[in-house]
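# Coordinate analysis (summary)
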Amino acid sequence: MDFSLSEEHIMIRDAARDFAQTELLPGVIERDNKQQFPKELVKKMGDLGFMGIMVDPKYGGSGMDAISYVLIMEELSKIDASASVIVSVNNSLVCYGLQAYGSEEQKQKYLTKLATGEFVGAFCLSEPEAGSDATSQKTTAIDKGDYYLLNGTKNWITSGGRADVYLVIAQTDRDKGSHGINAFIVERDTEGFHIGPKEDKLGIRGSDTHTLQFNDVKVPKENRIGANGSGFRFAMKTLSGGRIGIASQALGIAQGAYELALKYSKERKAFGTEICNHQAIAFKLADMYTEIEAARHLVMKAAWDKDEGKNYDKSSAMAKLYASKVAMEHTVEAVQIHGGNGFVKEYHVERLMRDAKITQIYEGTSEIQKIVISRSILRD
């Protein structure tokens, strides 16, 4: 058992850290205020290989492992969770889904562009009445022979207004329940596809979140992903990997808040000494460090399980459940350590606190993670 990172992993982490500090940090407050999608930064992340981290190089990807993915996500998320969620969705949900389940033609046509950042991808599962209950899909895809006719609404779609390619989950045979669900590739300019207004969100305000409408959208048969009826399994397996991405994001948010709080506590003086010398603050820092480190081990274990070809459904759920809890609790503590300054945007911690909350909600709420974990341990 070796807990140290390889030289290659350290180089990858340091490259991501340098990019986050030099490229993401300048302008991060302005992007949050203006809800500004980081278009040019996404292109730069594509150039660095961050948009196709685990994609096979023959499809234009970086060919890295899940541990590398976690390291990159953590460093990006320490500075800008809006940028990191774009990376997470493109990697965990879109690129992974196409590489694992797509046809060779789909990989050549779409994956090669998604992995390099030329295209941005979106994953469309959630609906107004089907969030946690993913089997209750109201969006339908009726088989018309040469094509499927897609109708319905998807909401809370990350990169919804900026994506080039959308992976859409829809019901093709309601009588078959979850076995009557399929996944489809829809291109941005397809007739009948409409992008709704941008959501005005609490956090991750630089990411582009929209409701999408599909009105008699014709989807070619060759754009169905996998065998007929495999869409629900595709979505669930893809989300298991997505949880590693969001757990990494939560870890980065928590780590970023901790580092800011630690630095501030060494500079701010009260009662004649730096506030880190007061036990009330020192104990907060001790709790933050310990629980963030525990979260890191859970996240790394899930990534290791994936790299080793083991089942990572339970470990990814555990990682996301705990890391998101730690992120929420300790960003609040970081604001507290900053006192009044923590309530001011220039100190960054209030933004990290707002960004942390979504990690307990998207790609499976904390309650859903507990269902996944409890079912696993009761089945074993």
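Residues numbered from 1 in each chain as written. Predicted model: local features only at pLDDT ≥ 70, side-chain atom pairs only at ≥ 80, totals over all residues. Heavy atoms only, no water.

### Here we look at the overall build of the chain
Of regular secondary structure, the chain possesses 11 helices and 10 strands. Rg of the C-alpha trace for the chain: 21 Å, near the compact-globule value of 21 Å for 380 residues, within the 12% margin. Along the three orthogonal principal directions, the C-alpha set of the chain runs to about 80 × 45 × 40 Å. For the chain, the residues scored as buried account for 53% of the 380 residues in total. Of the contacts made within the chain by residues no fewer than 6 positions apart, 74% connect residues no fewer than 24 positions apart. Within the chain, one finds 47 positive and 52 negative side-chain charges whose respective centroids are separated by 2 Å. (Helix = DSSP H or I, 4+ residues; strand = E, 2+ residues; numbered from the N terminus. Rg over C-alpha atoms; globule rule 2.2 N^0.38 Å. Buried < 20%, exposed > 50% of the residue type's maximum accessible area, 1.4 Å probe, protein only. Contact = heavy atoms within 4.5 Å. Lys, Arg positive; Asp, Glu negative; His and termini not counted. Charge placed at Lys NZ, Arg CZ, Asp CG, Glu CD.)

### Quick look at the nonpolar core
Leu76, Leu98, Phe123 and Leu167 are the most contacted members of the largest nonpolar core, which totals 89 residues. The element contributing the most residues to this core is helix α7 (residues 231–267), with 14 residues. Setting aside residues no more than four positions away along its own chain, Leu98 makes contact with Lys107, Tyr110, Leu111, Leu114, Leu167, Ile185 and Ile225. Membership of the second largest hydrophobic core comes to 17 residues, among which are Ala163, Tyr166, Val186 and Phe193. (Core = buried A, V, L, I, M, F, W, Y, C linked by side-chain atoms within 4.5 Å.)

### Side note on the pattern of salt bridges
Throughout the structure, instances matching the rule amount to 24 salt bridges. Ionic pairing is found between Asp200 and Arg205, a salt bridge with its closest N-O pair at 2.8 Å. Judged by its relative accessible area of 60%, Asp200 falls in the exposed class. For Arg205, a relative accessible area of 15% puts it in the buried group. Salt-bridge contacts for Asp380 lead to Lys314; the nearest nitrogen and oxygen are separated by 3.4 Å. (Salt bridge = Lys/Arg side-chain N within 4 Å of Asp/Glu carboxyl O.)

### A word on the packing of aromatic side chains
Applying the stated criterion across every chain yields a total of 9 aromatic pairs. Here Phe19 and Phe50 contribute two aromatic rings whose centre-to-centre distance is 6.1 Å and whose plane-to-plane angle is 85 degrees, an arrangement assigned as edge-to-face. In this pair, Phe19 is assigned in helix α1 (residues 7–24) and Phe50 in the loop between α3 (39–47) and α4 (66–79), connecting sequence segments 31 residues apart. As far as burial versus exposure is concerned, Phe19 and Phe50 are alike and both buried. Relative to Tyr101, the ring of Tyr96 has its centre 6.5 Å away and its plane inclined at 85 degrees; by these criteria the two rings are edge-to-face. In this structure Tyr96 comes out as buried when scored by relative accessible area, which is 18%. On the basis of relative accessibility, which here comes to 23%, the residue Tyr101 falls in the partly exposed class. (Phe/Tyr/Trp six-rings, centres within 6.5 Å; stacked < 30°, edge-to-face > 60°.)

### Side note on the packing of α4 against helix α5 (residues 81–101)
It is the contact of α4 with α5, at a shortest axis distance of 7 Å, that shows an interaxial angle of 155 degrees. Taken as axis vectors, α4 and α5 run roughly antiparallel relative to one another. Along the contact surface, α4 presents Tyr69, Met73, Leu76, Ser77 and Ile79, while α5 presents Ala81, Ser84, Val87, Ser88, Asn91 and Ser92. Across the contact of α4 with α5, the residue classes break down as 6 nonpolar, 5 polar and no charged. (Axes fitted to C-alpha atoms, helices over the stretch in contact; angles between N-to-C directions. Parallel < 35°, antiparallel > 145°, perpendicular 65-115°, else oblique. Nonpolar A, V, L, I, M, F, W, Y, C, P; charged D, E, K, R; others polar.)

### Some details on unusual backbone geometry
The phi dihedral of His348 is positive, around 75 degrees, even though this residue is not glycine. Looking at the secondary structure, you find His348 in the loop between α9 (313–338) and α10 (349–358). What makes His348 buried here is its relative accessible area of 18%. Phi is positive for Glu363, close to 55 degrees, though the residue is something other than glycine.

### Let's talk about the UniProt feature "domain: Acyl-CoA dehydrogenase/oxidase N-terminal" (unreviewed entry) in the chain
Following the UniProt record, the feature "domain: Acyl-CoA dehydrogenase/oxidase N-terminal" (unreviewed entry) maps to residues 6–118 here. Here residues 6–118 runs as 71% helix and 0% strand, with 30 Å between its end C-alpha atoms. (UniProt positions renumbered as here; feature names shortened; annotations may be inferred.)

### Thoughts on the pairing of strand β1 (residues 121–124)
Across the two faces of β1 the burial is the same, with Gly121 and Phe123 and Ala122 and Cys124 all buried. Direction of pairing for β1 relative to strand β4 (residues 165–171): parallel, over a ladder of 4 bridges. Among the inter-strand pairings, Phe123 is bridged to a residue of β4, identified as Leu167. (Pairing = 2+ DSSP bridges.)

### Regarding the UniProt feature "domain: Acyl-CoA oxidase/dehydrogenase middle" (unreviewed entry) in the chain
As recorded in UniProt, the feature "domain: Acyl-CoA oxidase/dehydrogenase middle" (unreviewed entry) lies at residues 122–217. Along residues 122–217 one finds 0% helix and 50% strand; the C-alpha atoms at either end are 17 Å apart.

### What to know about the side chain of Gln106
Position of Gln106 relative to the elements: it lies in helix α6 (residues 104–114). Within the structure, Gln106 has its side chain in polar contact with the backbone nitrogen of Ser103 (distance 2.9 Å). Looking at Gln106, its side chain comes within polar contact range of the main-chain oxygen of Arg224, at 2.9 Å. (Polar contact = N/O pair within 3.5 Å; in protein donor to acceptor, adjacent residues only side chain to side chain.)

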